[in-house]
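Working through the structure, step by step
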Amino acid sequence: MNYEIVELTELSGKKAVVYSILKEGDQLTLFDHFIKEHIEKYNDEIKFIISRLHTIGHITGARQQYFKFNEGKPGDGVCAIYDEPDKELRLYCIRYGSCAILLGGGGPKPTGTKAWQDNEKLAKEAKVIIKISKDIIQRITDREIYWSANGAQLLGNLNFCDYEQEV
Amino acid sequence: MGLSYWEILIFVIMSKKYKTAKKHSSGLISMLLNEITPLEEQQVHTKMLLAARLDDLITAAGMSKSAFAILVNKQPSEITKWLSGTHNFTIDTLCEIALALNIPLAELFSFQQNQVVNKVQIVVSAKVTRPDFPFSIPLITCNADHYYYKTKSGHTTLLPVTSITT
């Protein structure tokens, strides 16, 4: 998968920068696809998530308490936006401190589903964000990606190509 | 005058190294943000700010979440929900929290946040003024109440401390 990290202008603010992933040849980010897929059935939940993300970006910052952790592998930062118990939609993301988050995709988590591994759609979306997190950590380790002086913005080579992994 | 090969090479490397993420404007997000009413927006803001304030107050009180859960006689999972910014608190619960934290109820709604300073630039300027008494660098310290000073004219003089400090 060839992709690029992009900043979502509507959600980013002075408290946190909100990123998502734009796949090569696609006009919609992973978060846009998440909205598009679920807007019909879960309109209120989608609006609630967007409102929370807007508040995170402009007012509160990405405080740890707003997220559910341990969705990915230890130390990869993969988490889900905290949802109310009666809500179904789950959105996966990567939290980088309180200053930045990267939104992936997600899907409905039916009642009784304990882990994303139990649901095909959630497993697919979770694996994508876990892979992205791994790629970013590798780029940071290789010093190809940096954090800006204020710790809020990713700088450097934000384009990822699959062939780089194969080399 | 054109740029040299090295100047172009450095420019290309630096522009790649410090490249920020491309800005992406989403029509879907804009549309949904416009659909959110001011009331809904205010409700979400208030819930999230209240949760953040509660978290700060628990931390300031030197308590862990589990210790706070015991104090208010709740399960730790209930406290996690309170702090998630999704909980719709009742007045009764807020009174219980204020009492447990030993603060006035209104304190829970003091949402002003300390500004986090990531970078500080300090500019120091000095203005040299001529002292009333023409002295410069002390030569030696001889005792507790008298000092030798070299005057501008090159002479040394013995001064009591009181005459310097006044």
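Scroll up a little and you will see the structure.
Residues numbered from 1 in each chain as written. Chains lettered and ligands numbered in written order. Predicted model: local features only at pLDDT ≥ 70, side-chain atom pairs only at ≥ 80, totals over all residues. Heavy atoms only, no water.

All names here are of chain A. Examined bridge by bridge, strand β3 (residues 67-68) and strand β4 (residues 78-81) share two bridges and lie antiparallel to one another. Bridging from a neighbouring strand, Lys68 pairs with Ala80 of β4. Relative to strand β5 (residues 89-96), β4 runs antiparallel, the two being bridged by three bridges. From the neighbouring strand, Cys79 faces β5, where its bridge partner is Cys93. (Pairing = 2+ DSSP bridges. Helix = DSSP H or I, 4+ residues; strand = E, 2+ residues; numbered from the N terminus.)

A few words on the packing of aromatic side chains. Residues and elements named next belong to chain A. According to the stated counting rule, one finds five aromatic pairs over all chains in the structure shown. Consider the rings of Phe31 and Phe34, whose centres lie 6.1 Å apart with planes at 20 degrees: the pair is stacked. Here Phe34 and Phe31 lie together in helix α1 (residues 30-38), a separation of three residues that amounts to about one turn. Its relative accessible area of 2% is what places Phe34 among the buried residues. Here Tyr96 and Trp147 contribute two aromatic rings whose centre-to-centre distance is 5.3 Å and whose plane-to-plane angle is 55 degrees, an arrangement assigned as tilted. Placement of Tyr96 in strand β5 and of Trp147 in strand β7 (residues 145-147) is noted, with a sequence separation of 51 residues between them. Residue class for Trp147 comes out partly exposed when judged on its relative accessible area of 29%. (Phe/Tyr/Trp six-rings, centres within 6.5 Å; stacked < 30°, edge-to-face > 60°. Buried < 20%, exposed > 50% of the residue type's maximum accessible area, 1.4 Å probe, protein only.)

Residue and element names in this part refer to chain A. Computed from the structure, the second largest pocket encloses a volume of approximately 330 Å³. What lines the second largest pocket is a set of 14 residues, and nearest its centre among them are Lys68, Asp83, Glu84, Pro85 and Arg90. Of the residues that constitute the lining of the second largest pocket, the class distribution is three nonpolar, three polar and eight charged. (1 Å grid on protein atoms, 1.4 Å probe; cavity = no way out; pocket = protein on both sides within 12 Å on 5 of 7 lines; lining within 4 Å. Points joined across faces, edges and corners; volume = space filled by probe spheres on them. Nonpolar A, V, L, I, M, F, W, Y, C, P; charged D, E, K, R; others polar.)

It is worth spelling out the nonpolar core at this point. Judged by nonpolar contacts, the single largest core of 32 residues is most densely connected at Leu11, Phe31, Ile50, Leu53, Phe67 and Leu103 of chain A. Mapped by element, the contributors of at least two residues to this core are α1, α2 (43-60), β4, β5 and β6 (100-108) of chain A together with α2 (27-35) and α3 (38-60) of chain B. In terms of residue count, the dominant contributor to this core is α2 of chain A (six residues). (Core = buried A, V, L, I, M, F, W, Y, C linked by side-chain atoms within 4.5 Å.)

Taken together, the 45 residues of chain A in the interface contact 36 residues of chain B. Buried surface at the junction of chain A and chain B, summed over both partners, amounts to about 3700 Å²; 61% is from carbon and sulfur atoms. Area buried by chain A at its contact with chain B is led by Glu10, Lys47 and Gln65 of chain A, which between them contribute 16% of it. Scanning the region where chain A abuts chain B turns up five salt bridges. For Glu4 of chain A, the salt bridge goes to Lys22 of chain B, with nearest N and O atoms at 3.5 Å. Mapped onto the side of chain A that touches chain B, the elements with two or more residues apiece are β1 (3-8), β2 (17-23), α1, α2 and β8 (154-156) of chain A. A total of twelve residues in the side of chain A that touches chain B trace back to one element, the largest contributor, which is α2 of chain A. (Contact = heavy atoms within 4.5 Å. Buried area = accessible area lost by both parts, 1.4 Å probe. Salt bridge = Lys/Arg side-chain N within 4 Å of Asp/Glu carboxyl O.)

The next point concerns empty space enclosed by the protein. Rolled over the atoms, a probe with the dimensions of a water molecule shows which regions are left empty. Residue and element names in this part refer to chain A. Per the counting criterion, the structure on display carries one cavity of 30 Å³ or more. Put simply, the largest cavity is a space of about 80 Å³. Residue lining of the largest cavity: Glu45, Phe48, Ile49, Arg52, Ile81, Tyr82, Asp83, Lys87, Leu89, Arg90 and Leu91, and that is the complete set. Here the lining of the largest cavity takes four residues from α2, the largest share from any one element. For the lining of the largest cavity, the residue count by class is six nonpolar, no polar and five charged.

Along the chain, the position of Gln75 of chain B falls in the loop between α4 (65-71) and α5 (76-83). Here the alpha-carbon distance between Gln75 of chain B and Ile58 of chain B, two residues 17 residues apart in the chain, equals 16 Å.

So, on to the side chain of Glu45 of chain A. All names here are of chain A. With respect to the element layout, Glu45 can be found in helix α2. Among the polar contacts listed, one links the side chain of Glu45 to the backbone nitrogen of Glu88, at a separation of 3.1 Å. When neighbours within four sequence positions are excluded, Glu45 is seen to be in contact with Lys87, Glu88 and Leu89. (Polar contact = N/O pair within 3.5 Å; in protein donor to acceptor, adjacent residues only side chain to side chain.)

Topologically, His24 of chain B is positioned in strand β1 (residues 22-24). Counting along the chain gives 85 residues from His24 of chain B to Phe109 of chain B, while the straight-line C-alpha distance between them is 35 Å. If sequence neighbours within four positions are ignored, His24 of chain B has contacts with Val6, Glu7, Leu8, Thr9, Glu10, Leu22, Gln27, Thr29 and Asp32 of chain A.

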